[in-house]
Amino acid sequence: MGAVQLLGVQKFFGTMEVIKGIDLRVDDGELVVFVGPSGCGKSTLLRMIAGLEDVDGGEVLISGVEVSGLAPAKRGVAMVFQNYALYPHMSAYDNLAYGLRRSGMARADVDSRVRETAALLQITDLLPRRPKAMSGGQRQRVAIGRAIVRKPEVFLFDEPLSNLDAALRVEMRSQIARLHQELKATMIFVTHDQVEAMTLADRIVVLNSGRVEQVGTPREVYHNPANLFVASFIGSPAMNLLPITRGEDGSILLESGEQMIWPGGKIDGPPGRALTLGLRPDRLSLVGSDQGQISGTVHLAEHLGDETILHVQTAAGRALTLKCDGDAPARLGDLVQIGLDLTGACLFDPDGRRVQ
Amino acid sequence: MKKTSRIAPARVAQTLVYHAVMLAISAVFLLPFYWMAISAFKNNAEIFANPVLWFPDPIRLENLTALLTRDDFPFLRQFANSVFYALSVACAVCFSCSLAAYSFGCLRWRGRNLVFGLTVCALLLPGIVTFLPVYLGWTKLGLNGTYWPLIAPFFFGDAFFIFMLRQFFLGVPRELMDAARLDGASEFRIWWQIVLPQVRTPLIIVGLFAIVYTWNEFFGPLIYLQDRDEFPLSLGLFTFQAARAREWSISMTGALLTALPMVVLFLVTQRLFRQGLASSTLK
Ligand SMILES: Nc1ncnc2c1ncn2[C@@H]1O[C@H](COP(=O)(O)OP(=O)(O)OP(=O)(O)O)[C@@H](O)[C@H]1O
Ligand SMILES: [Mg+2]
């Protein structure tokens, strides 16, 4: 029940292949988040699952049934759109009731279902109002109400929170998490927001130009990125990427000429092998002079209160990001020494594959 | 010192000149209408009186009763014909053109752009080119002399109105239709219950255009209708004038009563015209 399976799914717009053969299984009751850069095909994939877009190759299975012949309304899916897409000329009540009426439900049943859903989302007061007379957050709640009122097995959310202000986003995020607990339905959630993805997801699917780059729990994709793309996409501020070469003895040779020992022992491959070292910003720290491996000039310091994000330009012209304490003394234009902590560091080959 | 108006005298003069010029120009355009209106309340002698009578004296309302009771000019009958004709065409246009525009603007299908291109090409084709074969066709069907040839074609769309409405249908968010699809509405129902309410104002305006166009339509009725009792006013008025060239006052009364409904319609709906087409479809 409620599991969604994609088998080699493809989509073409004209001659452009937008979805390039995606295999994915979303288990029943799971909350999976799709992330990826703009235009990578997240919405398209969601719309294909919903049946709003034809599948040009491969198969989509919902609850084990191949759905290509099924109309959107018959698939047991509901979708929440980024712009809410509430029917502007109908009251919230009618917005919720519209789908139930289409399914031929008796009037009294429609009424009780709508009121039950409204109570769940605390929108009973809004029922007589039209969308125009609601705030963004209220519209969002009604849009979610319209999705859950039909008791679908699969929920599809296409960036539902991106039009809300920060505080409301946090509130709606927890509300969605709560709904997921209560309804125990399968949910697929598209977002641009790192925090949303990390906090909501059972598993994250990282997409890039129509392909799956990695599927994993939030911890996995953060700490064990499968490739350079995932490493640089997940995490905010983004991972620092430094070009290095393998030294004679399997050590790391930085651009500055400094040598470091790889925590696991040696790095593989022949001496002189060019690699990219990935380090999260919290693995970089300010150190006293002559202790650091890299030096650079601060050219932006973001003081966030409990922490400070420093953007540093190295002598070799690389941009680095450091996450340090809120009371870090560095100021704009300072020359700083940076120490690298290689625990949890990643190494990528020139093709972007993770090697170590 | 006494505080004077803050508008500079030069500005006042400029405004005065501007308004004087505009009034003079409007007067040129309004004069024929005014002449028609006052002639409707004069007798023939007064219409041609020298010096010109700028205001009818006495106001002869008997023209009105004469017009309505004459048996060689079934005015009320023809008025009803015109109303029927105009409303039928308006309904047909709103129905067919909004369906076509929905398809062109909101649905995706193979060859859509080609078919739309051909439809727009039909705009460039003068009606007179296809007139003869169409006329022969209707005659073959035995429907010459009825309103069928005048109304039925509009149930199959009109290139200009399709073109105009499509722009507004394009403005309806795709997600609205997607949401309705997920709610289980058929395409026809989506058109009727979801999309049409979003383009209500443009649709009403298209209907009004159709009414005004049909009300003044002359050529079609002239070709297809033979019986005076079947004529719409545009044609009826013309044949009356042709037959009774010297009864100017009755003609003018008829003309006034023919023009009046359109003037009233415009005054009642002008707010729609000013706002509707300018503002976006979703408001
Ligand atoms: N109807 C369409 N016709 C042609 N190309 C389309 C159509 N819809 C989407 N595309 C293309 O498909 C690609 C994927 O689009 P999609 O909307 O799925 O991206 P997305 O990942 O949702 O991006 P965003 O994060 O900006 O919403 C884009 O390159 C887009 O230009
Ligand atoms: Mg999208």
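Here the structure is a predicted model, which is why all the values come from computation and not from measurement.

Considering the confidence of the model for chain B
- Summarising the model, chain B shows a mean pLDDT of 89, and 95% of its residues fall at 70 or more.
- Among the scores for the predicted complex, ipTM is 0.86 and pTM is 0.84.

Examining the domain arrangement of chain A
Residue and element names in this part refer to chain A.
- Domain assignment breaks chain A into domain 1 (4–232) and domain 2 (240–348).
- Computed over C-alpha atoms, the centres of domain 1 and domain 2 are 39 Å apart.
- At the interface, seven residues of domain 1 touch five residues of domain 2.
- Regarding the contact of domain 1 and domain 2, the summed buried area is about 570 Å², with carbon and sulfur atoms giving 65% of it.
- If you sort the residues of domain 1 by the area they bury against domain 2, Y222, L228 and A231 come out on top, with a joint share of 71%.
- Counting across the interface, domain 1 meets domain 2 through zero salt bridges.
- Scanning the region where domain 1 abuts domain 2 turns up one residue pair in polar contact (both at pLDDT 80 or more).
- The set of elements that each furnish at least two residues to the side of domain 1 that touches domain 2 consists of α7 (218–223) and α8 (228–233).

Some thoughts on the sheet that holds strand β15 (residues 284–287) of chain A
Residues and elements named next belong to chain A.
- Taken in spatial order, the five strands make up an open sheet running β15-β19-β16-β17-β18, and their pairing is antiparallel. Lying at the two open borders of the sheet, with one neighbouring strand each, are β15 and β18 (319–325). With strand direction ignored, the average angle separating the axes of adjacent strands in the sheet is 50°.
- In this structure, strand β17 (residues 307–314) lies alongside β18, joined through seven bridges in antiparallel fashion. Note that in β18 the partner of L310 across the bridge is L322.

Quick word on the site of ligand 1
All names here are of chain A.
- Taken together, F13, V18, S38, G39, C40, G41, K42, S43, T44, E159 and H192 make up the full set of residues adjacent to ligand 1.
- Within the complex, the protein chains bury 64% of what would otherwise be the 630 Å² of accessible surface of ligand 1.
- When residues of the shell around ligand 1 are assigned to their parent elements, the largest contribution, three residues, is made by helix α1 (residues 42–50).
- In terms of residue class, the shell around ligand 1 is made up of three nonpolar, six polar and two charged.

Side note on the side chain of A:T44
- With respect to the secondary-structure elements, A:T44 resides in helix α1.
- Residue A:T44 is classed as buried on the basis of its relative accessible area, which comes to 12%.

With respect to the packing of aromatic side chains
Residues and elements named next belong to chain B.
- The tally for this structure, following the rule as stated, stands at 24 aromatic pairs over all chains.
- Ring centres of Y135 and Y224 lie 5.5 Å apart, and the angle between their planes is 40°; on these two criteria the pair is classed as tilted. Taken together, the positions of Y135 in helix α6 (residues 127–140) and Y224 in helix α12 (residues 219–224) put the pair 89 residues apart, joining distant regions of the chain.
- Site record: aromatic cluster; members linked through ring pairs are F73, F75, F79, W215 and F240.

Notes on the nonpolar core
- Judged by nonpolar contacts, the single largest core of 95 residues is most densely connected at A:L6, A:F34, A:L156 and B:F169.
- Residue contributions to this core peak at 14 residues, all from helix α4 (residues 75–106) of chain B.
- Contact partners of A:L156, with chain neighbours within four places excluded, come to A:L46, A:I49, A:A50, A:V77, A:A78, A:M79, A:V80 and A:I188.
- Grouped together as the second largest cluster of nonpolar side chains are 45 residues, A:A118, A:A143, A:V149 and A:L164 included.

Definitions and limits used
Along each chain, the written sequence defines residue order, and numbers are assigned to residues from 1. For this description, chains carry letters from A and ligands carry numbers from 1, given in the order in which they are written. Given that the model is predicted, a residue must reach a pLDDT of at least 70 before its local features are reported, and side-chain atom pairs must reach 80 or more before they are shown or counted; all residues, however, enter totals for whole chains, interfaces and linings. To obtain the side-chain values, all non-hydrogen atoms of the structure were used and water was disregarded. pLDDT expresses, on a scale from 0 to 100, how confident the predictor is about each individual residue. What counts as a domain boundary in this text is fixed by an automatic or database domain assignment. In this description, contact between two residues means that some pair of their heavy atoms is separated by no more than 4.5 Å. Here the quantity called buried area is the accessible surface, traced with a 1.4 Å probe, that two parts lose on coming together, added over both. Each salt bridge in this description consists of a side-chain nitrogen of Lys or Arg and a carboxyl oxygen of Asp or Glu lying within 4 Å of one another. Under this definition, polar contacts are N or O atom pairs within 3.5 Å; protein pairs additionally need one hydrogen-donor-capable and one acceptor-capable atom, and for neighbouring residues in sequence, both atoms have to be side-chain atoms. Elements are defined by DSSP. Helices are runs of H or I of four residues or more, strands are runs of E of two residues or more, and each kind is numbered from the N terminus. At least two bridges found by DSSP between two strands is the condition for calling them paired. In this analysis, axes come from line fits to C-alpha atoms, helices being fitted only over the stretch in contact, and the angle between any two N-to-C directions falls in the range 0 to 180 degrees. We call a residue near a given molecule or strand whenever any one of its heavy atoms falls within 4 Å of it. Only the protein chains shown count as cover for residues, with accessible areas throughout obtained via the Shrake-Rupley method and a probe of 1.4 Å. Under the convention adopted here, Pro, Cys and the residues Ala, Val, Leu, Ile, Met, Phe, Trp and Tyr are nonpolar, Asp, Glu, Lys and Arg are charged, and Gly plus all remaining residues are polar. For each residue, the accessible area found with a 1.4 Å probe, counting protein chains only, is set against the maximum for its type, and the residue is called buried under 20%, exposed over 50%, and partly exposed in between. Note on aromatic contacts: the rings of Phe and Tyr and the six-membered ring of Trp form a pair at centre separations within 6.5 Å, being stacked when their planes are under 30 degrees apart, edge-to-face when over 60 apart, and tilted otherwise. By nonpolar core is meant a set of buried Ala, Val, Leu, Ile, Met, Phe, Trp, Tyr and Cys residues that side-chain atoms within 4.5 Å join together.

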